[in-house]
Amino acid sequence: MNTEQANKTIRVGVLGFGGLGQAAAKLLAAKREMILVAAADQKGYAYAAEGLNTQECIATYQSQGSVGYLEPVGTLSNNSIQDLIATSQPVDGYFLALPNLPNDFIPSVAKQFIESGWRGVLVDAIKRTSAVEQLLAMKEELQAAGITYMTGCGATPGLLTAAAALAAQSYAEIHKVEITFGVGIANWEAYRATVREDIGHMPGYTVETARAMTDAEVEALLDKTNGVLTLENMEHADDVMLEVAGIVGRDRVTVGGVVDTRNPKKPLSTNVKVTGRTFEGKISTHTFTLGDETSMAANVCGPAFGYLKAGRQLHQRGIHGIFTAAEIMPQFVK
Ligand SMILES: NC(=O)c1ccc[n+]([C@@H]2O[C@H](COP(=O)([O-])OP(=O)(O)OC[C@H]3O[C@@H](n4cnc5c(N)ncnc54)[C@H](O)[C@@H]3O)[C@@H](O)[C@H]2O)c1
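Everything numeric here is computed off the predicted structure, so don't read it as measured data.

Here the focus is the environment of Glu178. Positionally, Glu178 belongs in strand S8 (residues 173-184). Judged by its relative accessible area of 26%, Glu178 is partly exposed. For the pair Glu178 and Thr287, spaced 109 residues apart in sequence, the C-alpha to C-alpha distance is 9.4 Å. Contact partners of Glu178, with chain neighbours within four places excluded, come to Thr254, Asn271, Val272, Lys273 and Thr275.

One open sheet accounts for five strands, arranged S9-S10-S8-S11-S12; its pairing is mixed. The open sheet has two edge strands with one neighbour each: strand S9 (228-231) and strand S12 (283-289). The average undirected angle you get between the axes of adjacent strands in this sheet is 10°. By the bridge criterion, eight bridges tie S8 to strand S10 (residues 253-260) in an arrangement that is parallel. Across the sheet, Val183 pairs through a bridge with Val259, a residue of S10.

Around the ligand, a shell composed of 29 residues is seen, among which Leu20, Tyr61, Ala155, Thr194 and Glu197 lie nearest. A distance of 3.4 Å is found between a nitrogen atom of the ligand and a backbone nitrogen or oxygen belonging to Pro157. Glu197 places a polar side-chain atom, nitrogen or oxygen, 2.7 Å from an oxygen atom of the ligand. Protein burial of the ligand: of its 880 Å² of free accessible surface, 90% is covered by the chains. If you tally residues by element for the shell around the ligand, the top one is helix H9 (residues 192-199), at four residues. Taken together, the residues of the shell around the ligand break down into 16 nonpolar, nine polar and four charged.

Quick look at the layout of surface pockets now. Its volume calculated, the second largest pocket comes out at about 480 Å³. If you trace the second largest pocket, you find 24 residues lining it, with Leu159, Ala162, Tyr307, Met329 and Pro330 closest to the centre. Listed by contribution, the elements that provide at least two residues to the lining of the second largest pocket are helix H8 (159-167) and helix H13 (296-316). Sorting elements by how many residues they give to the lining of the second largest pocket places H8 first, with six residues. Residue composition of the lining of the second largest pocket, grouped by class: 18 nonpolar, four polar and two charged.

Reading the values: rules and limits
Residues numbered from 1 in each chain as written. Predicted model: local features only at pLDDT ≥ 70, side-chain atom pairs only at ≥ 80, totals over all residues. Heavy atoms only, no water. Helix = DSSP H or I, 4+ residues; strand = E, 2+ residues; numbered from the N terminus. Buried < 20%, exposed > 50% of the residue type's maximum accessible area, 1.4 Å probe, protein only. Contact = heavy atoms within 4.5 Å. Pairing = 2+ DSSP bridges. Axes fitted to C-alpha atoms, helices over the stretch in contact; angles between N-to-C directions. Near = heavy atom within 4 Å. Polar contact = N/O pair within 3.5 Å; in protein donor to acceptor, adjacent residues only side chain to side chain. Areas by Shrake-Rupley, 256 points an atom, 1.4 Å probe, with all protein chains shown as cover. Nonpolar A, V, L, I, M, F, W, Y, C, P; charged D, E, K, R; others polar. 1 Å grid on protein atoms, 1.4 Å probe; cavity = no way out; pocket = protein on both sides within 12 Å on 5 of 7 lines; lining within 4 Å. Points joined across faces, edges and corners; volume = space filled by probe spheres on them.

In structure tokens:
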């Protein structure tokens, strides 16, 4: 890499190295414009200015439980995010692939960044309306800290919310936005936080009860449903994001889906339907459907880095604060 390329390359960190964090690292390995320099999990972190070796990070995490064991670039720590930020190593932007358990965990990580004096781009794929609302309320603090924060930038919320914002342009009035997702994963342990957070949306469960469940209790619940979770009327941030973007009131946005935790095949095609009235008075529905061959990981991590690139451009123009996936176009990462 020559000096000019090195200056243009965006140095990225991934916080959380579970299902999505590892997928993010794999995705970045094939990119030229971004390089993975930092990764953190619950027990440690790794940093390499010239770029981390994705295979080694994944192998170390899977065999020893933390990237902190990676020689010679890893450090074990029970306060990995705080310690990583404190090393003052240059990182332009972070993807927060962390569990949002409890429901204010990711906002509390954003606060750590604000207090540290670090300046750059943060991207999350957070799902709950109330969590995005906590972050939106931090707008002025983020602005003052020189941070450009992109929230709700995964698949849903994220790619599908952005598709709804685009589809809405045909209409004079939007009547409803309906998001239906199908997720197929081979085993629930690959995406523990995602599955636990989904259980938190089921009748009779909350974020707290889902968080407190042991692995055996999660298994027992999944045994009863043959591994399938059916989710309806979820508290999903697509609603507040489309409302804040001025597109449609949150009461007109619904999100639900089916997650099969025992089969990588999607149980149904993920789609968003946007119904409205055109200026000529015609009622119509646009439908945007994701290809069944694309995985949840591809549909979350691709947009997350697309929004990180867009956030970087805003940051370089001195535009700080917080933006959602419904307000900004992601930039394709080469
Ligand atoms: N918007 C979307 O479309 C979308 C889709 C799927 C998942 N998600 C979200 O992505 C997030 C990650 O999900 P996952 O299934 O990959 O999680 P996971 O459970 O597989 O991995 C979580 C990782 O975070 C690390 N971690 C936990 N606490 C930590 C701490 N205090 N400090 C540092 N690291 C810590 C763990 O060690 C682990 O590496 C979840 O919040 C999920 O809801 C969003």
